[in-house]
Amino acid sequence: MLDEAPADLVDLVGYLQDVTSDRLALDLVVVTAYEVAGHRILVPQLIEPDRSQLTAELAGTSKPTTASEIVRGSDAFAATIEPVPTDQQATLRRLLEWARELERDGLASLYTSIGKGRWVLNPRLPGQSRGMVSIWNDKGPYLSPYRSVFDQEAPTTLAKLDAAAPNEIGRGNYIKAEYDESLLTLLRDAYLEAKDRRA
């Protein structure tokens, strides 16, 4: 446990997990102290390494060479849908609306990462800097799951996802199954389970 997580340390953890194909499990936890009603409380937060390089490679693209800018909300992501080929726009809009519904229902906070030629919408778990999936617009829609977050936050729903879409909820991959209502409902259920587990 640490009181801060330097970027180099987070990158090192991600690298070690990547080169061992997640056989080496490392949890980087940052603890912050707060004063509440005269009592000192410690709040842990799991820090997840950025897996977008591996995800981009698996999607047949590469990570931007310039640093990404992260902005609060989904408007920046929504603005990128119009230039995408017409046959890809409906799926991107469906994924965007799904994420916005998560936020409206208090299940996620939306952040957009803006890179060179690609944008990532991250529905983060409330109070955390990680989410269970990322929605990519890289000249088309890609949905990337983070299995370690599912394992920790929504194991019951993860088992249902594994049964409904075998081998789709991995680490650093993108989901190849159709992004239909049944899949999006199960992914929403995972966010609901995470919220219920913390209640």
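Because the structure is predicted, anything quoted here is derived from the model rather than measured.

The rules behind each value
- Residues numbered from 1 in each chain as written.
- Predicted model: local features only at pLDDT ≥ 70, side-chain atom pairs only at ≥ 80, totals over all residues.
- Heavy atoms only, no water.
- Helix = DSSP H or I, 4+ residues; strand = E, 2+ residues; numbered from the N terminus.
- Buried < 20%, exposed > 50% of the residue type's maximum accessible area, 1.4 Å probe, protein only.
- Axes fitted to C-alpha atoms, helices over the stretch in contact; angles between N-to-C directions.
- Parallel < 35°, antiparallel > 145°, perpendicular 65-115°, else oblique.
- Left-handed = near helix turned anticlockwise from the far one by under 90°.
- Contact = heavy atoms within 4.5 Å.
- Nonpolar A, V, L, I, M, F, W, Y, C, P; charged D, E, K, R; others polar.
- Phe/Tyr/Trp six-rings, centres within 6.5 Å; stacked < 30°, edge-to-face > 60°.
- Lys NZ or Arg CZ within 6 Å of the ring centre and 35° of its normal.
- Expected span 1.5 Å × (residues − 1).
- Core = buried A, V, L, I, M, F, W, Y, C linked by side-chain atoms within 4.5 Å.

Student: Could you clarify how one ought to interpret unusual backbone geometry in this entry?
Tutor: Residues other than glycine predominantly adopt negative phi, and peptide bonds predominantly adopt the trans conformation. Within the chain, A37 stands out as a residue other than glycine whose phi angle is a positive 50°. With respect to the helices, strands and loops of the structure, A37 is situated in the loop between strand 1 (28–36) and strand 2 (39–47). Relative accessible area serves as the criterion here: at 75%, A37 is assigned to the exposed category. Positive phi is not limited to glycine here, since N167 has a value of about 65°. Locating N167 in the fold gives a position in the loop between helix 6 (155–164) and helix 7 (181–198).

Student: Explanation requested: the packing of helix 6 against helix 7 in the structure shown.
Tutor: Each pair of packed helices gets described by two things: the angle between the helix axes and the distance between those axes. Direction vectors running N to C along helix 6 and helix 7 enclose 165°, while the axes themselves pass 8 Å from each other. Considered as vectors, helix 6 and helix 7 are oriented roughly antiparallel to each other. For helix 6 against helix 7, the interelement crossing comes out left-handed. In this structure, helix 6 contributes P155, T156, T157, K160, L161 and A164 to the contact, and helix 7 contributes L183, L186, L187, D189, A190, E193 and R197. Residue classes in the contact of helix 6 with helix 7 are distributed as seven nonpolar, two polar and four charged.

Student: In this structure, what is going on with the packing of aromatic side chains? I would like to understand it.
Tutor: A ring pair, where both rings are aromatic, is described by two values, the distance of the centres and the angle of the planes. Counted by the stated rule, this structure contains two aromatic pairs. Summarising the aromatic geometry, the rings of W98 and Y191 are spaced 6.2 Å apart at their centres and angled 80° between planes, so their arrangement reads as edge-to-face. Highlighted residues: W98 in helix 4 (residues 86–104) and Y191 in helix 7, separated in sequence by 93 residues. For W98, a relative accessible area of 8% translates into the label buried. When the centroid spacing of 5.2 Å and the interplanar angle of 85° are considered together, the rings of Y142 and Y174 count as edge-to-face. Here Y142 is found in strand 7 (residues 141–145), whereas its partner Y174 is found in the loop between helix 6 and helix 7, with 32 residues between them in sequence. Directly above the ring of Y111 sits R72, whose terminal nitrogen or CZ lies 5.1 Å from the centroid. Over the aromatic face of Y111 sits the side chain of R124, whose NZ or CZ is 4.0 Å from the ring centroid.

Student: For this particular structure, what's the right way to read helix 7?
Tutor: Because each turn of an α-helix spans 3.6 residues, side chains separated by three or four positions end up pointing in the same direction. For helix 7, with 18 residues, the first-to-last C-alpha span of 26 Å sits near the 26 Å given by 1.5 Å per residue. Where helix 7 is buried, its residues contact helix 4, strand 5 (119–124), strand 6 (133–137), strand 7, helix 5 (147–153) and helix 6.

Student: Just checking my understanding: could you explain the nonpolar core for this structure?
Tutor: Soluble globular proteins: nonpolar side chains tend toward being buried together. In terms of nonpolar packing, the biggest core is built from 35 residues, with W98, M132, I135, L143, F150, L187 and Y191 touching the most fellow members. Of all the elements in the fold, those that place two or more residues in this core are helix 4, strand 6, helix 5, helix 6 and helix 7. The biggest single contributor to this core is helix 7, with seven residues. Those residues in contact with W98, other than ones at most four positions away along the chain, are P123, V133, I135, L184, L187, R188 and Y191.

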